[in-house]
Amino acid sequence: MIKSDFISDVDAIRKRARQHIEEGAVTQAYKGDREAIIKILNDALATEIVCVLRYKRHWLMAKGIDSEPVAAEFEEHAREEQEHADRIGTRIVQLGGEPDLNPSGLLARSHSEYAEGTSLIDMIKEDLIAERIAIDTYTDIIRYIGDKDTTTRRLMESILEQEEEHADDLANMLASRR
């Protein structure tokens, strides 16, 4: 028989679960600063929405002989960025916050900029720059959260993984056009 050091007071956990039931998924075990994490997530939400809008513009404006595969990539990235926004918004609500989707403040809260680009190459570069910004800021968010909020950290890690894939896709497209 293996001896385990893990001992959980199930009766105490059951009692705590009945207290503060209106707080939903946030229990006494939650160690994060909810207000700070909700603000951070709202900034990430704004970043994702700005990225959706930029990718959609690039998808619609992509022109030229080699534009079809690039436009398809822009469309796919826009869809994935929207999924990120939806997942972040859902997490904000789980934490007892409200997703801030007010259009008047999106760009101010976004980590990335809304750069339109005039040519296909410019559009790819602007999207790559935005992905690199997201990679750095999301890495910082993950580091800040640490083990205080495992669910939010894992969410941001999974989004970061896809942002790195986007950056790789864009860098490969740029390299193939030189």
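For the structure itself, look to the data block above.
About the thresholds
- Residues numbered from 1 in each chain as written.
- Predicted model: local features only at pLDDT ≥ 70, side-chain atom pairs only at ≥ 80, totals over all residues.
- Heavy atoms only, no water.
- Patch = residues over 30% accessible without salt bridge, like charges linked within 9 Å, V, L, I, M, F, W, Y side chains within 5 Å.
- Areas by Shrake-Rupley, 256 points an atom, 1.4 Å probe, with all protein chains shown as cover.
- Salt bridge = Lys/Arg side-chain N within 4 Å of Asp/Glu carboxyl O.
- Lys, Arg positive; Asp, Glu negative; His and termini not counted.
- Charge placed at Lys NZ, Arg CZ, Asp CG, Glu CD.
- Buried < 20%, exposed > 50% of the residue type's maximum accessible area, 1.4 Å probe, protein only.
- Helix = DSSP H or I, 4+ residues; strand = E, 2+ residues; numbered from the N terminus.
- Axes fitted to C-alpha atoms, helices over the stretch in contact; angles between N-to-C directions.
- Parallel < 35°, antiparallel > 145°, perpendicular 65-115°, else oblique.
- Left-handed = near helix turned anticlockwise from the far one by under 90°.
- Core = buried A, V, L, I, M, F, W, Y, C linked by side-chain atoms within 4.5 Å.
- Contact = heavy atoms within 4.5 Å.

### Concerning a negative patch on the surface
A cluster of acidic side chains, namely E161, E164, E165 and D168, defines a negative patch on the protein surface. Take E165: its relative accessible area is 40%, and that puts it in the partly exposed class.

### Structural notes on the pattern of salt bridges
What the rule picks out here adds up to seven salt bridges. Here D43 and K39 are joined by a salt bridge, their closest N and O atoms 2.8 Å apart. Here the residue D43 and the residue K39 both occupy positions in helix α2 (residues 34-61), the gap between them amounting to four residues, near one helical turn. Assessed through its relative accessible area of 51%, K39 is described here as exposed. A salt bridge links E116 to R57; the nearest nitrogen and oxygen atoms lie 3.4 Å apart. With E116 in the loop between α4 (103-109) and α5 (120-145) and R57 in helix α2, this pair connects stretches of sequence that are 59 residues apart. Judged by its relative accessible area of 27%, R57 is partly exposed.

### Side note on the packing of α2 against helix α3 (residues 67-94)
Look at α2 against α3: their axes get within 8 Å of each other, and the N-to-C directions meet at 160 degrees. In terms of axis orientation, α2 runs roughly antiparallel to α3. Seen from above, α2 lies across α3 with left-handed handedness.

### Topic: the nonpolar core
Membership of the largest hydrophobic core comes to 38 residues, with the highest contact counts inside it found for F74, I88, Y138 and M156. Where this core is concerned, the elements lending two or more residues are α2, α3, α5 and α6 (150-176). With 10 residues, α5 is the single largest residue contributor to this core. With near-sequence residues (within four places) excluded, M156 lies in contact with L41, A44, I88, Y138, I141 and I142.

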